[in-house]
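Here's the letter readout for the chains.
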Amino acid sequence: MGFAWGPGDILVYETLYKASGSGCSFIHEIRKDEDIYSPILRKLFNESHHIFVGLQTIREDLPSKSKKPQFVSISKNYRSVIRACMEELQQVAGNNIRCVSILLAIELIWNLCEVLFIEAAPAGSLLLHLLDWVRLHKADVDERAREVLQSESPAEHHDYWDVVVSYVLQGRLEEARQMLVKQATLQPAARSMYKQMDTLLSKMPFYNPGGTQTLTEFDVKWRHWHEEVDRSLQDNSFASNRHLELICKILLGDEDTLLEHKELLGTWYHFLVTRLLFCHPTVKPTELHYYAQSCMTMFLDSRSVPEPLDSILLAAFEFDIHQVIKDCSIALNNWWFVAHLTDLLDHCKLLQSHNLHFGSNLREFLLLEYASGLFTHHSLWQLAVDYFDHCPEFGRVYLELQIERVPLETERKALKVLRICEQRQMSEQVRSICKIMAMRALRNNRLGSALSWSIRAKDAAFATLISERFLQDYCARGTFSDLDLIDNLGPAMLLSDRLTFLGKYREFHKLYGEKRFREAAKLLLSLMTAKIAPQSFWMTLLTDALPLLEQKEVSHQQTGSVLWNLQSASPLVFLSLQEEDVEVTKVELLRLALARNLAQAIVKEGTVET
């Protein structure tokens, strides 16, 4: 096999191929970041770019307490963009299952990192955030609940008790109570039993971070409630109803009972949060790793190997940020997630102690990789520029290398690239782009565009070449093309002598057309004496002097100068003229006109008016 690197792809081809019949070898294109070609995921990249740029504007000198709500809000904005793209992918038919599952995992990890690292919830509040996290990512309960409630007899539906138990497992006790009311109406004899369960569910305390109750007071209250539930189980209050007895065991946090309902829990981290809810509601962040490890061990089959997602979540519960980023970089198929999460965590001052051996910190390394991938896309490359701008160490170097690889298919795109380079004082890239576009315009015989690009490039040699082409065209056709450009050269004409001559020669024509012969003659004479015209154009200049010599305003000094220019012209020019009778005739006529004008001028200027 052979391969060739492209800007973002690899071309793989067979080098040893034995043809059999009419077959042929194949060339395969391997893309590094396939996701950037998905129209829906491009929305993710575009929307998150705006959030990223906004994050960079948060002032560094603000105290951490005032910045934390902003960071949490930005994190939620990122998650809302992920969820919006995920929902759109679910609605579109096709092979989007893989992308949806990846986005689900990304949102799950991001949400947990938000709770543990950015929000940094303390004991008490921590469990509330984890409950919201599980509820958000275990939404199938609500779908099943809708099916049950929309049926003719919800209490007799085959999924009724699964929904009730699922509500309890998620700590959604109010919804569980509302469902139990439907069952109690069908069983009048057991109404007192259902009322007792309803009382236990309603009494379960939940910590209120904004309230006056301290965490210690809440813990005492919760333990009293837990003892009451235990007494109800011990005195066989629900022995005659296995469903209510099951709920009672769940409220006590019985591990065996919880593990018997793996299909309702679904995942080990749901099991973890449920176990914490009914056994350790005041869990501290530092204790999470112990419970997480034990729950994963109990929930997963001892013979099975944990999935990458399991390892990532476990690393998060262990507060090992760098392991989370490392595992995500390996498991996920692009750099979007790790680049944006790392950037946010870095702004939260959570990655300060971790630098890479080759100079750049972790944040910058991941942003550079992500932005480099964007540069391979025909439109997303513009987003990458902002990412490079916010990488202080190597961002400019990467941008200079990548911007040169952007294909300049149209002049509009070239102007976009040029504007980016000019805003960042990237003079080498500006010259390179302008030269490319000038050469392309010249090949297409668009002299005006070519001259404009060469002026922007400040390329004197190329401007000289194009100016000579303009003069050659003038000699051949007798008129100038692109008059608007030549008339408005302004200070740009000083870029090269030939361009100066072109601009001034056009100015001479304008003066002549306005019948300002004295000024026209003066300008033409200055062009002759300056010696900035190409040799092939000298005869044209002298020929332009013929009609002016007939004007009485031309002084004998000016006439003498024209005569001197005629006599001192290069011998090579006059050698070539000898072969053409027309040109020789022009020279003779010019000498005659000069002599006549000189005589008239001397007489006129020597006469004293009386």
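Higher on the page you've got the structure.
An account of the accompanying structure is given in this report. Note on numbering: residues in each chain are counted from 1, in written sequence order. With the structure being a predicted model, the display of local features is reserved for residues of pLDDT at least 70 and the display and counting of side-chain atom pairs for 80 or more, all residues being used for whole-chain, interface and lining totals. Calculation of side-chain values draws on the structure's entire complement of heavy atoms; hydrogens and water are dropped beforehand.

## Brief notes about the overall build of the protein
- The number of helices and strands found in the protein is 31 helices and three strands.
- Looking at the protein as a whole, 47% of its 610 residues are labelled buried.
- The contact criterion used throughout is that any non-hydrogen atoms of two residues lie within 4.5 Å. Nonlocal contacts in the protein, meaning residues at least 24 apart in sequence, comprise 62% of its contacts between residues at least 6 apart.
- Note on areas: Shrake-Rupley with a 1.4 Å probe; residue coverage comes only from the protein chains shown. Summed over its atoms, the accessible surface of the protein is roughly 31,600 Å², and 53% of this surface lies on carbon and sulfur atoms. By the criteria applied, helices consist of DSSP H or I runs no shorter than four residues and strands consist of E runs no shorter than two, each listed in order from the N terminus. Buried, partly exposed and exposed residues are distinguished by accessible area as a fraction of the type maximum, computed with a 1.4 Å probe on protein chains only: under 20%, between the cut-offs, and over 50%, respectively.

## Concerning helix H18 (residues 362-374)
- Taking 1.5 Å per residue as the helical rise, H18 with its 13 residues ought to reach 18 Å, and the 19 Å between its terminal C-alpha atoms agrees with that figure.
- Burial runs high along H18: eleven of the 13 residues are buried.
- Of all the positions in H18, only Leu362, Arg363, Glu364, Leu366, Leu367, Leu368, Tyr370, Ala371, Ser372, Gly373 and Leu374 are classed as buried.
- Looking at the buried residues of H18, the elements they touch are helix H1 (39-56), helix H16 (321-331), helix H17 (336-347), helix H19 (381-389) and helix H20 (395-403). An expected span of 1.5 Å times one less than the residue number is assigned to each helix.

## A closer look at helix H7 (residues 173-186)
- Spanning 14 residues, H7 covers 21 Å between terminal C-alpha atoms, matching the ideal 20 Å at 1.5 Å per step.
- Turning to H7, its buried residues are Leu173, Ala176, Met179, Leu180, Gln183 and Ala184. When H7 is viewed along its axis, its buried side chains cluster within an angular range of 150° and face the same direction.
- Packed against the buried residues of H7 are helix H5 (140-150), helix H6 (160-169), helix H8 (191-203) and helix H10 (242-251). The directions from the helix axis to the C-beta atoms form the arc being described.

## Regarding the packing of H1 against H19
- Relative to each other, H1 and H19 sit at 25°, their axes nearing to 11 Å. Comparing their axes, H19 and H1 come out roughly parallel. As for the relative orientation of H1 and H19, their crossing is left-handed in sense. Contacts between H1 and H19 involve Phe45, Asn46, Ser48, His49, Phe52 and Val53 from the first element and Leu383, Asp386 and Tyr387 from the second.
- Its residues placed into classes, the contact of H1 with H19 shows five nonpolar, three polar and one charged. Lines fitted to C-alpha atoms define the axes, with helix axes restricted to the stretch in contact, and inter-axis angles between N-to-C directions lie between 0 and 180 degrees. Each angle gets one of four labels, with under 35 degrees taken as roughly parallel, over 145 as roughly antiparallel, 65 to 115 as roughly perpendicular, and the rest as oblique. In this scheme the crossing of two helices becomes right-handed for a clockwise turn of the near helix relative to the far one and left-handed for an anticlockwise turn of less than a right angle. Charged residues are taken to be Asp, Glu, Lys and Arg, nonpolar residues to be Ala, Val, Leu, Ile, Met, Phe, Trp, Tyr, Cys and Pro, and polar residues to be all remaining types, Gly included.

## With respect to the side chain of aspartate 159
- Here aspartate 159 is to be found in the loop between H5 and H6.
- Residue classification places aspartate 159 among the buried residues on the basis of a relative accessible area of 12%.
- For this analysis, a polar contact is any N or O atom pair within 3.5 Å, provided that within protein one partner can donate a hydrogen and the other can accept it, and provided that sequence-adjacent residues contribute only side-chain to side-chain pairs. A polar side-chain atom of aspartate 159 sits 3.3 Å from a polar atom in the side chain of arginine 144.
- Setting aside chain neighbours within four positions, we find aspartate 159 in contact with Arg144 and Val148.

These figures come from the coordinates and say nothing about function on their own.
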